[in-house]
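# Breakdown of the fold
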Amino acid sequence: MSDPHFGKVALIGIGLIGSSIAINIRDRGLAREVAIATRRPETLKRAEELRLGTSYHLDTADAVDGADLVILCLPVGSCGAAASAMAASLKPGAIVSDVGSVKASVVEQVRPHLPAHVHFVPGHPIAGTEQSGPDAGFLELFENRWTILTPLPETDEAATAKLRAFWEDTGAMVEIMSPEHHDLVLAIVSHVPHLIAYNIVGTAADLETVTQSEVIKFSASGFRDFTRIAASDPTMWRDIFLNNRDAVLEMLARFSEDLASLQRAIRWGDGDALFDLFSRTRTIRRSIVQAGQDTEEANFGRLPHRKDTWNETPPAAE
């Protein structure tokens, strides 16, 4: 990329999403500098070993000093405190964004702390794996995946357009919607499925002693898929459910009603109802694959790899 979108990008947090953003900036030339901030010295050291940035900070305010773009790559519940800590160091015209899976709560937490001279464009890349930490990131994480931006009514359109172009150059597709609509959509396509996965794996764990370890021994692909989802970062998902409570409860109520209908069909031997449901859901799966949002291959057919372009010596992890 001959013309970087930004001079300096500050990433606050360097887990799966933050490290994948850093790798994209580095390998695709999306910015000239990347400042990485995290509160744990060992995590910061690992990020430096992987050469994910150009500067490394334990202090959030130091990291954002002079940054053109600041992205909060933190659990949703931590965004307000981070915004407060960095507010006085944000330069005029800077764009502030995030990667949280809940948007209305992030707006409520972050907006009161931001000075009037910065542009707030909340965001959410809908991409991830069950892995976490700076080692989890990889270049292709965002390719052909959706990133949703939820600018506020007062947000500068040029700032939104600039952030959109940045995400598109990571390979992402970008959609614009309101924070409230985002939270309702994500409740059904992401949050409730995760809650179901956590619950069914927890139930299986309770049954382990009863079945003499056969739950684990004979795990079929369906249960293994649930365990992959249920292995996601517990802090992040705790914050998601607490901060998107209303939308999740609304979708859970609808799910419970549909589950009750399914129970009745099984109890009364209504094979036609079961066949109709399974046919509809099979069609949805095929539509997702046809839309390029999944393949039949594991992990969307992608393998993690890193390409070091900021230093001639490959990272030690290679």
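As a starting point, this report considers the structure included with it. Predicted, not measured: the structure shown is a model, and the values here were computed from it. (Residues numbered from 1 in each chain as written. Predicted model: local features only at pLDDT ≥ 70, side-chain atom pairs only at ≥ 80, totals over all residues. Heavy atoms only, no water.)

With 38 residues, the main nonpolar core has L11, I21, F166 and W167 as its most contacted residues. Of all the elements in the fold, those that place two or more residues in this core are β1 (6-12), α1 (16-28), β2 (31-37), α2 (41-49), β4 (69-72) and α6 (157-168). Of all the elements, α1 adds the most residues to this core, at 6 residues. If sequence neighbours within four positions are ignored, I21 has contacts with L11, I71, C73, V99, F142, F166 and W167. Counting residues in hydrophobic clusters, the runner-up holds 33 residues, among them A35, A94, L114 and V192. (Core = buried A, V, L, I, M, F, W, Y, C linked by side-chain atoms within 4.5 Å. Buried < 20%, exposed > 50% of the residue type's maximum accessible area, 1.4 Å probe, protein only. Helix = DSSP H or I, 4+ residues; strand = E, 2+ residues; numbered from the N terminus. Contact = heavy atoms within 4.5 Å.)

Pairing within the open sheet is mixed, and its 3 strands lie in the order β7-β8-β9. In this open sheet, the two strands that pair with only one neighbour each are β7 (123-125) and β9 (173-176). Across this sheet, the average inter-strand angle for adjacent strands is 20°, counted without regard to direction. As judged from the 3 bridges shared by β7 and strand β8 (residues 146-149), these two strands associate in the antiparallel manner. Across the sheet, residue G123 finds its bridge partner in β8, namely L149. (Pairing = 2+ DSSP bridges. Axes fitted to C-alpha atoms, helices over the stretch in contact; angles between N-to-C directions.)

Taking 1.5 Å of rise per residue, 23 residues should cover 33 Å, and helix α11 (residues 245-267) covers 32 Å from first to last C-alpha, within 8% of that figure. Looking at α11, one finds that the buried residues are A247, V248, M251 and A265. In the stretch just after α11, G269 is the one whose phi turns positive, near 65°. (Expected span 1.5 Å × (residues − 1).)

Our next topic: the sheet that holds strand β5 (residues 95-98). If you walk across this open sheet you meet the 6 strands as β3-β2-β1-β4-β5-β6, and the pairing is parallel. The sheet is open, and its two edges are formed by β3 (55-57) and β6 (119-120), each paired on a single side. Pairing of β1 with β2, which is carried by 6 bridges, proceeds in the parallel orientation. Paired with K8 across the bridge in β2 is E33. The strands that α2 touches are β2 and β3; relative to β3, the one it contacts most, it runs at about 175°.

Functional significance is not addressed by these values, which are geometric in nature.
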